[in-house]
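Architecture at a glance
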Amino acid sequence: MTLPQIVSREQWRIAREQLLAKEKAVTRARDALNAERRELPMVEIDTEYVFEGGDGKATLLDLFEGRHQLVVYHFMFAPEWDAGCRSCSAFLDQIGHLAHLRARGAAFAAVSRAPFTKILPFKARMGWTLPWYSSYGTGFNYDFQVSFEGEGEEEPFERPGVSCFLRDRDRIFHTYSTYERGLDGLGSTTTLLDLTALGRQEEWEEPKGRASALGAPAGSERLRYHDEYDD
């Protein structure tokens with residue numbers, strides 16, 4: 001195994017400051033990219049999707065839990081599989097307490113094509129409490145390009161992804177999706193909010209006006225211990 005070079009503390013400090021300048025440039029570039037993402041146009045959803053979850057049948061509107069935004073994780077779990085995807089499972093293991101997302105008006109849910117009767121025991125095995133729904137029998141996974149039938153001799157296949165939705169009363173809009181390597185680095189509250197149309201709702205974010213969109217204090221001022229939020 002090749003290890004980093006051993007240097008003096010002063011040499012390390014100089015090298016670290018050089019790298020820090022590059023890290024700050026990446027942060028500024030990421031902020032600019034997030035702002036550009038928030039200015040993407042959106043598409044109204046006019047398909048009536050019906051899912052199955054812990055409380056029975058649910059529409060896409062129900063997945064919002066009355067909130068303004070919804071982040072869906074497309075969990076790879078085909079109907080013929082006996083267990084969910086390992087990499088998708090590792091992703092869900094990284095998801096923090098949902099209270100912080102919910103406090104900023106965003107719901108989170110996993111969706112898979114497997115019947116809920118298969119999802120439920122696997123969810124219990126993994127010890128997850130987050131919402132997870134079955135889209136079995138619907139075109140949801142195909143419409144959002146995470147399930148494919150295959151062509152010719154190609155077998156049907158799945159891929160992981162995240163899709164974001166915005167609600168205006170009873171109207172639902174698709175604002176963003178990303179797949180596979182686009183999921184790298186996601187999992188925290190802020191990285192998921194960065195994918196949404198309303199963002200973190202911080203005053204410094206562009207475009208202006210999104211921070212007050214929910215009629216609440218800016219994002220960081222809303223931060224609480226997860227058991228102190230008024231849901």
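Refer to the structure presented above.
Below: a short report on this structure. The written sequence of each chain sets the order in which its residues are numbered from 1. Reporting in this predicted model follows two pLDDT cut-offs: at least 70 for local features of residues, and 80 or more for side-chain atom pairs to be given and counted; totals over whole chains, interfaces and linings ignore these cut-offs and use all residues. Each side-chain value is worked out from all heavy atoms of the structure, with water and hydrogens disregarded.

1. Quick word on the overall build of the protein
- Scanning the protein for helices and strands turns up seven helices and ten strands.
- Counting over 231 residues, the protein shows a buried share of 44%.
- Counted over contacts in the protein with a minimum sequence separation of 6, partners at least 24 positions apart contribute 61%.
- Surface summary for the protein: the accessible area is close to 13,600 Å², and the carbon and sulfur share equals 51%. By definition, any uninterrupted DSSP run of H or I lasting at least four residues is a helix, any uninterrupted run of E lasting at least two residues is a strand, and each is numbered from the N terminus. Each residue is assigned to one of three classes by its accessible area relative to the maximum for its type, calculated with a 1.4 Å probe on protein chains only: buried under 20%, partly exposed between the two thresholds, exposed over 50%. Only heavy atoms enter the contact rule, under which two residues are in contact if any of them lie within 4.5 Å. All accessibility values rest on the Shrake-Rupley procedure with a 1.4 Å probe; residue burial counts only the protein chains present in the view.

2. Observations regarding the nonpolar core
- Among buried residues, the Ala, Val, Leu, Ile, Met, Phe, Trp, Tyr and Cys ones that are joined through side-chain atoms within 4.5 Å form a nonpolar core. Membership of the largest hydrophobic core comes to 30 residues, with the highest contact counts inside it found for Tyr73, Phe75, Leu92 and Phe108.
- Contributing elements (two or more residues each) for this core: strand S4 (69–74), helix H3 (86–93), strand S5 (106–112), helix H5 (116–126), strand S9 (161–168) and helix H7 (189–193).
- The next biggest cluster of nonpolar side chains, apart from the first, holds 17 residues, and it includes Ala58, Leu63, Val72 and Phe165.

3. Points about unusual backbone geometry
- In the segment running from glutamate 206 into proline 207, the intervening peptide bond is cis, with an omega of -5 degrees.
- Relative to the helices and strands, proline 207 is located in the segment after H7.
- Although it is not a glycine, glutamate 65 sits at a positive phi angle of roughly 55 degrees.
- Mapped onto the fold, glutamate 65 is located in the loop between helix H2 (60–63) and S4.
- Positive phi, close to 45 degrees, is recorded for glutamate 180, a residue that is not glycine.
- Its location among the elements puts glutamate 180 in the loop between strand S10 (171–179) and H7.

4. A closer look at the environment of leucine 40
- Relative to the elements of secondary structure, leucine 40 occurs in the loop between helix H1 (9–38) and strand S1 (43–44).
- For the pair leucine 40 and tyrosine 176, spaced 136 residues apart in sequence, the C-alpha to C-alpha distance is 7.9 Å.
- Apart from residues no more than four positions distant in its own chain, leucine 40 is found in contact with Thr175 and Tyr176.

5. Observations regarding H5
- Taken residue by residue, H5 has Phe116, Ile119, Phe122 and Lys123 as its buried positions. Down the axis, H5 shows its buried residues gathered within 130 degrees of arc, on one side only. Seen from the open side of H5, the exposed residues pointing more than 90 degrees away from its buried face are Thr117, Ala124 and Arg125.
- Packed against the buried residues of H5 are strand S2 (50–53), H3, S5 and strand S6 (132–134).
- Looking at the residues trailing H5, positive phi occurs at glycine 127, about 75 degrees. The reported arc concerns the directions from the helix axis to the C-beta atoms and nothing else.

6. A short note on the pattern of salt bridges
- What makes a salt bridge here is a side-chain nitrogen of Lys or Arg within 4 Å of a carboxyl oxygen of Asp or Glu, nothing more. Applying the stated criterion across every chain yields a total of 14 salt bridges.
- Notably, a salt bridge pairs glutamate 202 with arginine 104, separated by 3.7 Å at the nearest N-O pair. Taken together, the residues span a long stretch of sequence, with glutamate 202 in the segment after H7 and arginine 104 in the loop between helix H4 (99–102) and S5 at a distance of 98 residues.
- Look at arginine 104 and you get buried, because its relative accessible area is 9%.
- Through salt bridges that share partners, Glu10, Arg13 and Glu17 make up one connected network.

7. A closer look at the pairing of S4
- For S4, the buried fraction is high: six of the six residues fall into the buried class.
- Burial along S4 is two-sided: Gln69, Val71 and Tyr73 facing one way and Leu70, Val72 and His74 facing the other are all buried.
- By definition, two strands form a pair when at least two bridges between them are found by DSSP. As judged from the six bridges shared by S4 and S5, these two strands associate in the parallel manner. Bridging from a neighbouring strand, leucine 70 pairs with alanine 107 of S5.
- Sheet topology note: the S4/S9 ladder contains six bridges and is antiparallel. Among the inter-strand pairings, valine 72 is bridged to a residue of S9, identified as serine 163.

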